[in-house]
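Overview (structure and organization)
Listed here are the chains, written in short residue letters.
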Amino acid sequence: MGELAKEPLLTKRYYENCPGCKVERLREKHHGIPYKSLLTIWIVVLSSALPISSLFPFLYFMIKDFHIAKREEDIGFYAGFVGSSYMLGRAVTSLFWGVFADRYGRKPVIIIGTIIVVIFNTMFGLSVNFWMAISTRFLLGSLNGVFGPIKAYACEICPEEHQALGLSTIATAWGIGLIIGPAVGGFLAQPADKYPNIFPKESLFGRFPYFLPCLCMSAFALVVAVGSFWLPETLHNHEEAKSIEEKPSLEALETGVTPAPSKSLIRNWPLMSSIIVYCIFSLHDMAYTEIFSLWAVSPRKLGGLSYTTDRVGSVLSVTGAGMLIFQLFIYPHINKLFGPVLLSRICGILSIPLLQSYPYIALLSGVTLTLVINFASIAKNALSITIVTGLFVMQNRAVVSMLIADPFEFKLRKILSLYDSLTVSGLNNHEQDQDQRGTANGIAMTLMSFFKAIGPVTGGALLSWAEKRQDATFLPGSAMVFFLLNIVEVVGIVFTFKPLLVERSS
């Protein structure tokens, strides 16, 4: 230990014109929970997450108004393409935005992304035909690269002991956005029909019945975009240090100045296997989200609920409140009891009979239907979010294991642990150098977005096909589409077993 003391391991060096070093100094002075930074991250993620699924409650009626579907049963087919265009765009450019963030900074990506929401989400609300709707959603997804770099930003803006809290803030904002977005879309779509005293038929909102929810979300994103100009940049910029510093130092770990030896992400099977399983469940969840909204507004003769957009919004609002309670008060206890892998399997198995009961729920009416569909929606989304959270835990464990597996890293961790300067959450974010974090997140986002893009288009096409077979002998109507959803769920469950999924102990 005496020899180690002679090494410049704990030497910290700050660079005068480096924005990342300025953030480091602030982190040194303030060790408490960074409430301001967490709130900023939460608002940025929320502004970009709101438009993702906000269209699903009114998408059926939008496609119907475009008059592109020759039959009512074909509406779901065309709706699937609009629903998947956002994720397809994100899959195409996620890696680019990750590299861009590593080279030019996280702040420019955040500013550009929120401005893109303002422009193209507004244009989507003003869509007058099918192809305009697809193109604006595709551009919204491809030009908004916030979701990958914001994870790196959260790790860099928060003190190491609170980095896990920063990442959970992103997950919470994302989840709330995916619930509030459809609720807003359901309540505010077609305002001239619902609120004729406020929005006359001759007004702008009468001519464009789906513009109001998009406008509200774009206005919120505009406020966030303006506020983003005052965000601090966290990317370090001192290239000269990389060529002259050879010994690993504490600064190298904290700022990413000197690349530490690390294993390839592709060769880390525990990490990649958990990402693959997550992609399968993501495909299922996005297909379910599309199918549920289209099924709920479909007429009774096609096996739907004949709901209006505001009734769908009410169901999703109740679901959001239920999920929040579940995440805060129930999930932590059952996760400790079963563990993430076993809990994911249990939730996947429970989802199967629940999903297959949906066609029978459509036979109910009145208060009974309202109570049952709200309970089913809460239960299904709670099961889904439990699976996703468990897979996130596994990914973090795999990242930590990859870091500790390297002998040099393991020794360095032991040294640093004497000074209590690293926590498990801190280790999670040192598996890649700072100039690779955005790229690594971009690779993961590309894979996940690709599977999420498949979900809506296949879900819409399957629902359209299923509604045409009302007189079939085997699983008529919507029963078939929920059966096919369950097949994807079964595939996901199978992939949670060895050797397809490899779990590393924490």
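Residues numbered from 1 in each chain as written. Predicted model: local features only at pLDDT ≥ 70, side-chain atom pairs only at ≥ 80, totals over all residues. Heavy atoms only, no water.

**A word on the overall build of the protein chain**
Counting secondary structure elements, the protein chain contains 23 helices and 0 strands. Here the contacts in the protein chain between residues at least 6 apart in sequence split such that 80% fall between residues at least 24 apart. A total accessible area of about 22,100 Å² is found for the protein chain, and carbon and sulfur atoms account for 68% of it. (Helix = DSSP H or I, 4+ residues; strand = E, 2+ residues; numbered from the N terminus. Contact = heavy atoms within 4.5 Å. Areas by Shrake-Rupley, 256 points an atom, 1.4 Å probe, with all protein chains shown as cover.)

**Topic: the packing of aromatic side chains**
Applying the stated rule across the entire model yields 23 aromatic pairs. Seen in terms of ring centroids, Y78 and F130 are 5.6 Å apart; in terms of plane orientation they differ by 85°. Their pairing is edge-to-face. Of this pair, Y78 sits in helix α5 (residues 75-104) while F130 sits in helix α7 (residues 130-143), placing them 52 residues apart in sequence. By relative accessible area, which is 21% here, Y78 ends up partly exposed. Overall, the relative accessible area of 5% leaves F130 in the buried class. Consider the rings of F147 and W174, whose centres lie 4.9 Å apart with planes at 90°: the pair is edge-to-face. With F147 in the loop between α7 and α8 (149-157) and W174 in helix α9 (residues 163-188), the pair connects residues that are 27 residues apart, well separated along the chain. (Phe/Tyr/Trp six-rings, centres within 6.5 Å; stacked < 30°, edge-to-face > 60°. Buried < 20%, exposed > 50% of the residue type's maximum accessible area, 1.4 Å probe, protein only.)

**Let's talk about the confidence of the model for the protein chain**
Taken as a whole, the protein chain shows an average pLDDT of 80; of its residues, 79% reach a score of 70 or greater. Every residue in residues 243-262 scores below 50 in pLDDT, and together they form 51 contacts with partners more than four places removed in sequence or on other chains. (pLDDT = per-residue confidence, 0-100.)

**Some details on the nonpolar core**
The biggest cluster of nonpolar side chains holds 68 residues, and the ones touching the most others in it are V82, Y358 and I373. No other element matches the 15 residues that helix α15 (residues 269-297) contributes to this core. Residues within four places of I373 in sequence aside, it is in contact with F292, W295, L305, Y307, V315 and I361. Core analysis: the second largest hydrophobic core is formed by 31 residues, A49, Y153, W174 and M445 among them. (Core = buried A, V, L, I, M, F, W, Y, C linked by side-chain atoms within 4.5 Å.)

**Section: a nonpolar patch on the surface**
A contiguous nonpolar patch, built from I115, I119, M123, L222, V226, F229 and W230 and spanning about 700 Å² of accessible area, is present on the exposed surface. Of all the secondary structure elements, the ones that give two or more residues to the nonpolar patch are α6 (106-125) and α12 (211-228). Among the elements that line the nonpolar patch, the one with the most residues is α6, at 3 residues. Relative to the helices and strands, I115 is located in helix α6. What makes I115 partly exposed here is its relative accessible area of 33%. (Patch = residues over 30% accessible without salt bridge, like charges linked within 9 Å, V, L, I, M, F, W, Y side chains within 5 Å. Salt bridge = Lys/Arg side-chain N within 4 Å of Asp/Glu carboxyl O.)

**What to know about the pattern of salt bridges**
Evaluation of the coordinates by the stated rule reveals 5 salt bridges. The residue E72 makes a salt bridge to K301 at a minimum N-O spacing of 3.8 Å. Here K301 lies in the loop between α15 and α16 (309-338) and E72 lies in the loop between α4 (56-66) and α5, a separation of 229 residues in the sequence. Three or more residues are tied together by salt bridges with common partners; here these are R71, D74 and K468.

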